[in-house]
Amino acid sequence: MNLDEIFDTLIKAIVVIEADRIFPYILALIILIFSIILAKGFSVFLRRSLRDRFDKDRLGILLKGSYYGIIIIAVILALPLLGINTSGLLVAGGVTGIVIGFASQSIVGNLISGLFIMAERPIKIGSQVEIDNVRGFVEDIGVMSTILRNYDGLFIRIPNEKVFTNKIINISANIARRIEYTIGIRYTDDAEKAIKIIGDLIEDHPFVLKKPTPDVYVNNLGENAVELIVKAWAPASQWYTTKKELLWKIKTNLEKENIHVPFPQRVVWFANEKSDNNKLN
Amino acid sequence: MYGYYKFPLNPLRISKDGIHLQIKKDGNNLHYERTILNDSIEKILLTKDCGIIINPIEAHKIRNQVTPYLLIEYEKSVFVEPKGTNNVYITFPVDIGVFISGHKNYDLLDIFTLAKQKYTLYGDPRNGVICKYHKSPVLTSIPTDLNPLINGVIKLKLINTTDAWMEITKTVFDSHEMKVYFNENLVSMKANMKIINEKIAETEFVNSGIKRGMKKSLEIFEPAKITVSQKKYTMEEGI
């Protein structure tokens, strides 16, 4: 073996050793680059999917959170390749996580509920809703809480966990809403005439919708009154006004035709009435 | 009644079919007053010279801005033969717009109607739309007994693109796209209804009157006023 051959062999050995040493660094770099590409791709995907569901500021926070989250996970995965033991970090992180988790259980619950509410969108800003027995307009849907303005004009903050776990009634989700009344008339009144009067009023009122077809009928022969049911639909935006107007018109128009809402009454017969009358005579 | 009333408007008095409209001097300005049945409105016009244009306009959101859609239900349903194209005439409720004009510009001053106001739901409460409702006969010629202050005529071309007989009971229009034409005796529009299948149809307006010499009304939804992007309305909840 001459000097050149020895030199070549030595060089090859050094290259193999260096390659073994450099390889983990290259792999870590590849993981990092791949994670950045993945994070960017995921951000673009999230932006496109959630653009209509989140407002700009909140979407920005979510995108940044997901972007850096993916990169941090990649770094933690890459660190053992560089000979850095992350088990201690993970243990410390785990313990810290448990402590923080217990301490901020409700905060995290509200945060996660808020994200789900934003994604599921059972309510929108401006909707009229009933949540946890509070009725009003949705003023804001935050990450931690939802703000309602009730019909008295009061500001009400409801934690998102409560919003998410409670029954939500969205009053304005549909474009039409039904109006229903029960109207009692006397047994001596003509029920068919009353039905016609109410039907004419329904036909004349612009906001009582032609379809779904309104319905008026005798529903019950009550103790004191013949009970008529009135079912009609109105645009959700006009429901309250229409309901108010129509009921009063029904009352006044029935009275104009001498059809009255009866008072509760009971006819009492006395057992000795006949004999008393005989005595008087 | 329809037309352009030039300066000087003091005084301007119009009374027709229960519509009372007047403009009179109020100090240095003008005072607009309109009464129709139990509904009246007054406005102050801070100008000394302006013109007034009274036009029939597209079915607009007169009361409380409920909807831009108009549903016309036919008194009798119509059957269209496979691949057939037919013209029919239906009526529509006229809305009347009073525009103030001057200084090379105009704007809507007042809007009212003599036609009966009624609304309906097209589709279901979840996915449907609230529409202004009108019931119309289906005619094969232009009706001659209509009051142009109350009802107009739509020449509707029914185009059946399917291989089956199609029964049509109603048509829904988007009033953003309405093109209203008028003369002294008639208010009209021209529209097409393309039947895609037994549930779906497309409606669109044609920018033309149904008689020669008819004048085009001013549009509220002109591109300069409100941007309108959609040209057709797709009826997806049944025909």
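Reading the values: the criteria
- Residues numbered from 1 in each chain as written.
- Chains lettered and ligands numbered in written order.
- Predicted model: local features only at pLDDT ≥ 70, side-chain atom pairs only at ≥ 80, totals over all residues.
- Heavy atoms only, no water.
- Patch = residues over 30% accessible without salt bridge, like charges linked within 9 Å, V, L, I, M, F, W, Y side chains within 5 Å.
- Areas by Shrake-Rupley, 256 points an atom, 1.4 Å probe, with all protein chains shown as cover.
- Salt bridge = Lys/Arg side-chain N within 4 Å of Asp/Glu carboxyl O.
- Helix = DSSP H or I, 4+ residues; strand = E, 2+ residues; numbered from the N terminus.
- Domains from an automatic or database assignment.
- Expected span 1.5 Å × (residues − 1).
- Buried < 20%, exposed > 50% of the residue type's maximum accessible area, 1.4 Å probe, protein only.
- Arc of directions from axis to C-beta.
- Contact = heavy atoms within 4.5 Å.
- Buried area = accessible area lost by both parts, 1.4 Å probe.
- Polar contact = N/O pair within 3.5 Å; in protein donor to acceptor, adjacent residues only side chain to side chain.
- Nonpolar A, V, L, I, M, F, W, Y, C, P; charged D, E, K, R; others polar.

**Observations regarding a nonpolar patch on the surface**
Residues and elements named next belong to chain A.
Part 1 of the argument: A cluster of nonpolar residues, Leu29, Leu32, Ile33, Ile36, Ile37 and Val75, forms a patch on the protein surface that exposes about 480 Å² of accessible area.
Part 2 of the argument: Here the nonpolar patch gets 5 residues from one element, more than from any other, and that element is helix H1 (residues 3-50).
Part 3 of the argument: Here Ile33 lies in helix H1.

**Remarks on the domain arrangement of chain A**
Part 1 of the argument: The domain architecture assigned to chain A consists of domain 1 (3-103), domain 2 (117-170) and domain 3 (176-256).
Part 2 of the argument: Distance from the C-alpha centre of domain 1 of chain A to the C-alpha centre of domain 3 of chain A: 69 Å.

**Quick notes on helix H6 (residues 191-204) of chain A**
Residue and element names in this part refer to chain A.
Part 1 of the argument: Compared with the 20 Å implied by 1.5 Å per residue over 14 residues, the 20 Å span of H6 between its first and last C-alpha is a close match.
Part 2 of the argument: Within the sequence span of H6, burial applies to Ala191, Ala194, Ile197, Ile198, Leu201 and Ile202. Along H6, the residues classed as buried sweep out an arc of 135 degrees about the axis, all on the same side. In this structure, H6 carries Glu192, Lys196 and Asp204 as exposed residues pointing more than 90 degrees from its buried face.
Part 3 of the argument: Looking at the buried residues of H6, the elements they touch are strand S6 (176-185), strand S7 (215-221), strand S8 (226-235) and helix H7 (239-256).

**Here's the deal with the interface of chain B and chain A**
Part 1 of the argument: At the junction of the two partners, chain B supplies 16 residues and chain A supplies 17 residues.
Part 2 of the argument: When chain B packs against chain A, the two sides together hide about 1500 Å² of surface, and 58% of this comes from carbon and sulfur.
Part 3 of the argument: Three residues stand out in chain B for area buried against chain A, namely B:Lys118, B:Tyr119 and B:Pro125, and they jointly supply 34% of the buried area on that side.
Part 4 of the argument: Applying the counting criterion to the chain B and chain A interface returns 2 salt bridges.
Part 5 of the argument: With a shortest N-O distance of 3.1 Å, B:Glu73 and A:Lys211 are connected by a salt bridge.
Part 6 of the argument: Where chain B touches chain A, the interface holds 12 residue pairs in polar contact (both at pLDDT 80 or more).
Part 7 of the argument: For the side of chain B that touches chain A, a count of residues per class yields 7 nonpolar, 4 polar and 5 charged.

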